[in-house]
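The primary structure of each chain is shown beneath.
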Amino acid sequence: MRLGRWAVGAVAAAIGAWSAMASWAAEPFAGQTVYFSSSTDPGGGFDLYVRLMARHIGAHFPGKPTVVAQNRPGGGGLVLANYLYNVAPKDGTQVGMIPAYVLLEERFKNPQAKFDPDKFIWVGNMNREVDHCSVWHTTGIAKPEDFFDREVILGASGVSGGSYMMPILMNEELGTKFRPLLGFESNAKRNLSMQQGEIMGQCGTYLSSIKASSMQDVASGKLRIIWQMGLEKHPDFPAVPLAIEYAKTAEARQMLEMFFASATVGRAFAAPPGVPDERIKALRAAFDATIADKDFIAEAEKAKIEVRPATATAMEPALQKLLGASPAVIDKAAAILQQARSRGEKQEQELKAKAGSQGK
């Protein structure tokens, strides 16, 4: 009888364990907290996208977990990338929106990039971005050819930002005559400085930001969008040419495609390598359901947050452009950017010294 009771107990325990495993498989996130992280401080563009997703995706997760938005700023995105790759649990409860250009830091042998960009697992992209160059109407610049004929003074944020690096790369690969000046941290500040005549324009800002803040100036003709910096045109600006069309060599085109692809990857979420397949499937399914959710779409439209999403599978061509450049192109880009950063750091020091003397 004792043996019979033990057998019955063992069977019951096995059934209970099987039921728990079946429940876990059906609802793998039940009772857990899933964290969606931004690489910027609260209020930044990436933060706005992350919080929008976090407010809606919980309803589409199996098991209805708690979803929390958090911020891990620093290093232009390196802090978040390193955290996800090396520290975050490998169970699907930590995902983050990494700026895609940060992935190139490993290719450029930056010792602070402690990750292999090929091993991140992609969940989906909230917006396929397109960079651009625009100028104020008083400059007299009206077409791309003008960028090659005269010096164009641009406002830029920091030495690692697209508004500084992109113009320098285009100077090297296309022959433009851009001169980026640091100290213009935001799109709003650059726009005001254009109107005041301090600078002539800006390059390396997402068109989604222009749509959210400056379309009145675009419609009136005061702000002129001269060309787009992307793998394809933004559908709202079909008449504005692509900068890449001005590449004269295959090497120049490949280098620009590498950098412009970072915008196409845009607002994408990554998970650490090693997350189980069933959890990746659940994350991707929840993402795909959220971007089709009418409440999500309505909030995005009300907040003027552009959403042109892509599934994890649809992201693959842009990721290949971003991470698949030849060693020769990567080495040349790294050398250009190193020289640019050295010049930019000197400019930043001069700005700090000037600000300090004015403070006195």
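The preceding data block contains the structure.
Just so it is clear, the model here is predicted, and its values are computed rather than measured.

A. Spatial organisation of the overall build of the chain. In terms of helices and strands, the chain carries 14 helices and eleven strands. Along the three orthogonal principal directions, the C-alpha set of the chain runs to about 95 × 50 × 40 Å. Sequence separation of 24 or more characterises 78% of the internal contacts of the chain that already satisfy a separation of 6 or more. Surface exposure of the chain reaches about 16600 Å², of which carbon and sulfur atoms provide 56%. Charged side chains in the chain number 40 positive and 37 negative. The centres of these two groups are separated by 3 Å.

B. Structural detail: the state of the cysteines. Counting across every chain of the model gives one disulfide. Two residues, C133 and C203, share a disulfide whose sulfurs are 1.9 Å apart. Taking the sign of the S-S torsion, 120 degrees for the link of C133 and C203, the bridge is right-handed. In this pair, C133 sits in strand 5 (residues 131-136) while C203 sits in strand 8 (residues 201-206), placing the two residues 70 residues apart along the sequence.

C. Seen up close, the packing of helix 2 (residues 45-57) against helix 11 (residues 277-291). Between helix 2 and helix 11, whose axes approach to 10 Å, the crossing angle comes to 100 degrees. One element, helix 2, and the other, helix 11, form an angle in the roughly perpendicular class. Side by side, helix 2 and helix 11 meet where M53, H56 and I57 of the first sit next to A286, F287, T290 and I291 of the second. Of the residues belonging to the contact of helix 2 with helix 11, the class tally is five nonpolar, two polar and no charged.

D. How the structure looks around helix 11. Between the first and last C-alpha of helix 11 there are 21 Å, a value that for 15 residues agrees with the 21 Å anticipated at 1.5 Å per step. Turning to helix 11, its buried residues are R279, I280, A282, L283, A286, F287, T290 and I291. Seen from one end, helix 11 has its buried residues packed into an arc of 160 degrees, which puts them on one side. Away from the buried face of helix 11 by more than 90 degrees, exposed residues D277 and K281 are located.

E. Quick look at the sheet that holds strand 11 (residues 310-311). Sheet architecture is open: six strands sit in the order 2-1-3-10-4-11, paired in mixed fashion. With one partner strand each, in any of the chains shown, strand 2 (66-71) and strand 11 form the two edges of the open sheet.

F. View of the packing of helix 10 (residues 250-265) against helix 13 (residues 316-323). Their axes nearest at 7 Å, the elements helix 10 and helix 13 cross at an angle of 145 degrees. For helix 10 against helix 13, the interelement crossing comes out left-handed. On helix 13, the residues touching E257, M258, A261, S262, T264 and V265 of helix 10 are A318, L319, K321 and L322. Of the residues that constitute the contact of helix 10 with helix 13, the class distribution is six nonpolar, two polar and two charged.

G. Geometry of the packing of aromatic side chains. Applying the stated criterion across every chain yields a total of eleven aromatic pairs. Ring centres of F29 and F61 lie 5.0 Å apart, and the angle between their planes is 55 degrees; on these two criteria the pair is classed as tilted. Taken as a pair, F29 in the loop between helix 1 (2-26) and strand 1 (33-38) and F61 in the loop between helix 2 and strand 2 lie far apart in primary sequence, 32 residues in all. For the pair F147 and F178, a centre-to-centre distance of 4.8 Å together with 65 degrees between the ring planes defines the contact as edge-to-face. Of this pair, F147 sits in helix 5 (residues 146-149) while F178 sits in strand 7 (residues 178-182), and the two are 31 residues apart along the sequence. The exposure class of F178 is buried, given its relative accessible area of 6%. Here a set of aromatic residues connected by ring pairs shows up, and it is made of F147, F148, F178, W227 and Y246. Of note, R72 hangs over the ring of Y83, and the distance from its end group to the ring centre comes to 3.6 Å.

What counts as what
Residues numbered from 1 in each chain as written. Predicted model: local features only at pLDDT ≥ 70, side-chain atom pairs only at ≥ 80, totals over all residues. Heavy atoms only, no water. Helix = DSSP H or I, 4+ residues; strand = E, 2+ residues; numbered from the N terminus. Contact = heavy atoms within 4.5 Å. Areas by Shrake-Rupley, 256 points an atom, 1.4 Å probe, with all protein chains shown as cover. Lys, Arg positive; Asp, Glu negative; His and termini not counted. Charge placed at Lys NZ, Arg CZ, Asp CG, Glu CD. Disulfide = S-S within 2.5 Å. Axes fitted to C-alpha atoms, helices over the stretch in contact; angles between N-to-C directions. Parallel < 35°, antiparallel > 145°, perpendicular 65-115°, else oblique. Nonpolar A, V, L, I, M, F, W, Y, C, P; charged D, E, K, R; others polar. Expected span 1.5 Å × (residues − 1). Buried < 20%, exposed > 50% of the residue type's maximum accessible area, 1.4 Å probe, protein only. Arc of directions from axis to C-beta. Pairing = 2+ DSSP bridges. Left-handed = near helix turned anticlockwise from the far one by under 90°. Phe/Tyr/Trp six-rings, centres within 6.5 Å; stacked < 30°, edge-to-face > 60°. Lys NZ or Arg CZ within 6 Å of the ring centre and 35° of its normal.

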